Amino acid sequence: MTRSIRGIRQACAIAVVAIMVFGLSGCRRGDDEPTVVLYASADEYLAREIVAAFEDETGINVELLGDSEARKTTGLVERLRNEQDKPQADVFWSSECFQTIALADEGVLDEYLSDATADWPVEHRDGQRRWFGFAARARVIVFAPDRVSLDDRPETWMDLTDAKWKGRLVMADPRFGTTGGHLGAMRTYWSALGYGNAYYEAFIAGLADNNVRLLTTGNAGVVDAVARGEADIGLTDTDDVWAARERGFDVDLLYPRHHREPDKRGGGTLLIPNTVARVTGGPNPDEAGMLIDFLLSERVERMIAASVSHNVPLRPGLANEFSLYAVDDPLRVDLERAAAVRADAIDEAMQAIEQVESN
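Residues numbered from 1 in each chain as written. Predicted model: local features only at pLDDT ≥ 70, side-chain atom pairs only at ≥ 80, totals over all residues. Heavy atoms only, no water.

In terms of helices and strands, the protein chain carries twelve helices and ten strands. Put simply, the protein chain has 359 residues, and 57% of those count as buried. (Helix = DSSP H or I, 4+ residues; strand = E, 2+ residues; numbered from the N terminus. Buried < 20%, exposed > 50% of the residue type's maximum accessible area, 1.4 Å probe, protein only.)

Below, the discussion takes up the packing of aromatic side chains. Per the stated rule, a full pass over the model turns up six aromatic pairs. Seen from their ring centres, W190 and Y199 are 4.8 Å apart, and the 70° between their planes marks the pair as edge-to-face. For W190, a relative accessible area of 1% gives the class buried. Aromatic side chains W242 and Y325 sit 5.2 Å apart centroid to centroid with 80° between the ring planes, which places their arrangement in the edge-to-face category. Here W242, found in helix α8 (residues 238-246), pairs with Y325, found in the loop between α11 (316-321) and α12 (335-358); they are 83 residues apart in sequence, far enough to count as distant. The two residues W242 and Y325 agree in class, both being buried. (Phe/Tyr/Trp six-rings, centres within 6.5 Å; stacked < 30°, edge-to-face > 60°.)

Note that A338 resides in helix α12. Between the alpha carbons of A338 and R187 there is a distance of 7.4 Å; along the sequence they are 151 residues apart. Other than its neighbours up to four places away in sequence, A338 contacts F98, G184, A185 and T188. (Contact = heavy atoms within 4.5 Å.)

Right, let's get into the environment of S114. Note on placement: S114 falls in the loop between β4 (109-110) and β5 (132-143). Residue class for S114 comes out buried when judged on its relative accessible area of 14%. Placed 175 residues apart in sequence, S114 and G289 show a C-alpha to C-alpha distance of 7.8 Å. A polar contact of 3.2 Å, which involves the side chain of S114, links it to the backbone nitrogen of A116. At 2.9 Å, the side chain of S114 and the side chain of D293 are in polar contact. (Polar contact = N/O pair within 3.5 Å; in protein donor to acceptor, adjacent residues only side chain to side chain.)

The predicted model of the protein chain averages 91 in pLDDT, with 90% of residues at 70 or higher. The low-confidence segment residues 1-29 (pLDDT under 50) makes 69 contacts with residues lying over four places distant or belonging to another chain. (pLDDT = per-residue confidence, 0-100.)

It is worth spelling out the nonpolar core at this point. Note on soluble globular proteins: their nonpolar side chains tend to be buried together. Ranked by internal contacts, the top residues of the largest apolar core, which has 53 residues, are F92 and F203. In terms of residue count, α12 provides more of this core than any other element does, seven residues in total. Setting aside residues up to four positions removed in sequence, F203 forms contacts with W157, M158, T161, L183, M186 and W190. If you look at the next biggest cluster of nonpolar residues, it comprises 30 residues, including V36, V51, F134 and A288. (Core = buried A, V, L, I, M, F, W, Y, C linked by side-chain atoms within 4.5 Å.)

This paragraph deals with helix α7 (residues 218-227). Among the ten residues that make up α7, seven are buried, leaving the element largely enclosed by the rest of the structure. Of all the positions in α7, only G218, N219, G221, V222, V223, A225 and V226 are classed as buried. In the core, the buried residues of α7 are packed alongside β5, β6 (169-172), α5 (178-195), β7 (213-215), β8 (233-237) and α8. Just downstream of α7, G229 is the residue with a positive phi angle, here 90°.

Our focus in this paragraph is the pairing of β8. Of all five residues making up β8, five are buried, and the element is well covered by its neighbours. The two faces of β8 match: I233, L235 and D237 on one face and G234 and T236 on the other face are all buried. As paired strands, β5 and β8 are joined by five bridges and run antiparallel to one another. Pairing of R139 across the sheet is with D237, part of β8. Bridging between β6 and β8 involves three bridges; their strand directions are parallel. Following the sheet pairing, M171 is matched in β8 by L235. (Pairing = 2+ DSSP bridges.)

Before going further, it helps to spend a moment on the pattern of salt bridges. If you walk through the whole model with that rule in mind, you get 27 salt bridges. As a salt-bridge pair, E348 and R187 come within 3.1 Å of each other at their nearest N and O atoms. You can see E348 sitting in helix α12 and its partner R187 sitting in helix α5, a full 161 residues away along the chain. Classification of E348 by relative accessible area gives buried; the value is 19%. The class for R187 is buried, based on a relative accessible area of 16%. Measuring nitrogen to oxygen at the nearest pair gives 2.8 Å for the salt bridge that ties R315 to E301. One end of the pair, R315, is in the loop between α10 (298-306) and α11; the other, E301, is in helix α10, and 14 residues separate them in sequence. The exposure class of R315 is partly exposed, given its relative accessible area of 22%. (Salt bridge = Lys/Arg side-chain N within 4 Å of Asp/Glu carboxyl O.)

Let's shift gears to unusual backbone geometry. Excluding glycine, residues mostly carry a negative phi; peptide bonds, for their part, are mostly trans. Located in the positive-phi region is A135, a residue other than glycine, with phi close to 45°. With respect to the helices and strands, A135 occurs in strand β5.

Written as structure tokens, this is what we have:
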């Protein structure tokens, strides 16, 4: 039976109890002291560091709840949906944008206007100011430099459909994390070029024919699989590659294009920003606003860029400062449209993969 993305919601709701609590960054303070409840799918070490900085600066206690690497974001998204009638969280900090967009459209996230957000660039926020983007990761190919020659290294995503990659490919289960959003962005971008859905269908059919293996361990698991020699090449995010290199693994990354023509600006690498939003009806709206402003500050974006994840700053000045991790030609794609077709794109991919597996 096809594992539909829509059918996964029931499993996610049941599995919400499995969400991993990062724990409070400090001891619980008295009931009379200000508190803000943060749901965050950012990496635990980074979330703890930034929360501690906010607490030191403001004196506001942060109750922090996170999700596991394999279920990145999806578990918290389902929790927020389940709590919509009685919200428990004040702020949602997601390491991606696509499911944040969906929550905003469902009314789970609220408009937020402050001095910090009033002039936030339109390309990095919702039109109604229900979410704001910062500190992006790039979608890349991780590969083993000793097993993938210079001549073989793909320049576009469609190059992964070449038969030479058969049995050598891995990617994260697209129903969780950024992989599904990337599929939605591919479908959206290629459709906007006038290809309809045919180009996307050819891409996922090519991955399926090449026996791409889906991993339940997330994008970090994709990088680990390549590092251990279980695969030669994989679809992942920059932060997981940088973290693996920091640990001494011999892996490298490529920034493949979505458009075959190298001089076609806007056809390059997909950037997926972190997003932050205020939860509609959250118990501590004033403290929520202060936390949002802090997360959107230059200080925090610098902390994330300087961390082992090396996220790409969206502020032009900071981007120049961290030019080693900059993306030369970001993909220009309608993120809201990509979020809207994400579920269909995932379903089509799962069907193509399962059809090949069943033959």
